[in-house]
Amino acid sequence: MKNVLGCIAATCIATAAHACDTALLLTIDVSNSIDVGEYRLQTNGMADAVLDAEVMEALVQGQVAVAVMQWSGVDRQELSIPWTQLRTESDVRAFSALSRSMPRAFVMSDTAPGDAILYALAQFADAPTCGRKVIDISGDGAPNAGSNTRQASREAERQGVTINAIAIESMGVAITNFYTQSVITRDGFVITARRHLDYPRAIREKILRETARIFG
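All figures in this text were calculated on a predicted structure; none of them were measured in a lab. (Residues numbered from 1 in each chain as written. Predicted model: local features only at pLDDT ≥ 70, side-chain atom pairs only at ≥ 80, totals over all residues. Heavy atoms only, no water.)

A. Here's a closer look at the nonpolar core. In terms of nonpolar packing, the biggest core is built from 33 residues, with Leu59, Val68, Phe95 and Ile207 touching the most fellow members. At the level of secondary structure, the elements contributing two or more residues to this core comprise strand S1 (22–29), helix H2 (36–51), helix H3 (53–61), strand S2 (65–71), helix H4 (89–101), strand S5 (162–169), strand S6 (190–194) and helix H8 (199–211). Ranked by residues supplied to this core, first place goes to H8 with five residues. If we ignore the near neighbours within four places in the chain, the residues touching Phe95 are Leu26, Met46, Val50, Val66, Val68, Ile81 and Leu86. Of all hydrophobic cores here, the second largest spans 28 residues; its members include Leu121, Phe124, Ile137 and Tyr179. (Core = buried A, V, L, I, M, F, W, Y, C linked by side-chain atoms within 4.5 Å. Buried < 20%, exposed > 50% of the residue type's maximum accessible area, 1.4 Å probe, protein only. Helix = DSSP H or I, 4+ residues; strand = E, 2+ residues; numbered from the N terminus. Contact = heavy atoms within 4.5 Å.)

Right, here's the structure in full:
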């Protein structure tokens, strides 16, 4: 079966294992609090972030494998862009184009970050073999449904997966505090986006922080 990048999934995974620094699963909140414009700020922000010259260089040099997941409530998770390894600038540009045109998976749904983490963990069974496994989870609200978020985060630690986050704030730092205390793993970090308009800046900073260590 071919994935959206036009390669046979088994072949992609087999060849992706070579020199892969990080398997990076990017997740996007599409719960009820996210309107159409805010969804596009997330997808366009992701697409623009990987095209940044510094980020692109880090992704290619690290041979980073990426996938994109959308999440909202219970049983509302979708792997929208399957795993692919970014070996060349052309690979990054293709991934960017897919991110920008990605249709929204869910509307009018609750917020269940615990379920999102558990679903994300399961996706690494099909990921390339890389030095690190990282889940990026972004959102603008606390849970109102689903599994215990902190327990899901601890399960990620048991499986050797790092969780980093973007907390999208509208007032104060309540969501940043929640992500710091209950979502990220002990080796993870949170970047705060001041409203959705700040998301593009935040995701560029986050991806660069996750991948730039290959230069040192």
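B. Geometry of the confidence of the model for the protein chain. Counting all residues, the mean pLDDT for the protein chain is 89, and 88% of those residues have values of 70 or more. Throughout residues 1–17 the model reports pLDDT below 50, and contacts reaching past four residues in sequence, or to other chains, amount to 27 contacts. (pLDDT = per-residue confidence, 0-100.)

C. Focus on the state of the cysteines. Counted under the stated rule, the structure contains one disulfide. Each disulfide pairs two cysteine sulfurs, and for Cys20 the partner residue is Cys130, the sulfurs being separated by 2.0 Å. Negative torsions about the S-S bond denote left-handed disulfides, and the value of about 85° found for Cys20 with Cys130 makes this one right-handed. On the criterion of sequence distance, the pair formed by Cys20 in the loop between helix H1 (9–16) and S1 and Cys130 in the loop between helix H5 (113–123) and strand S4 (132–139) is long-range, its members being 110 residues apart. (Disulfide = S-S within 2.5 Å.)

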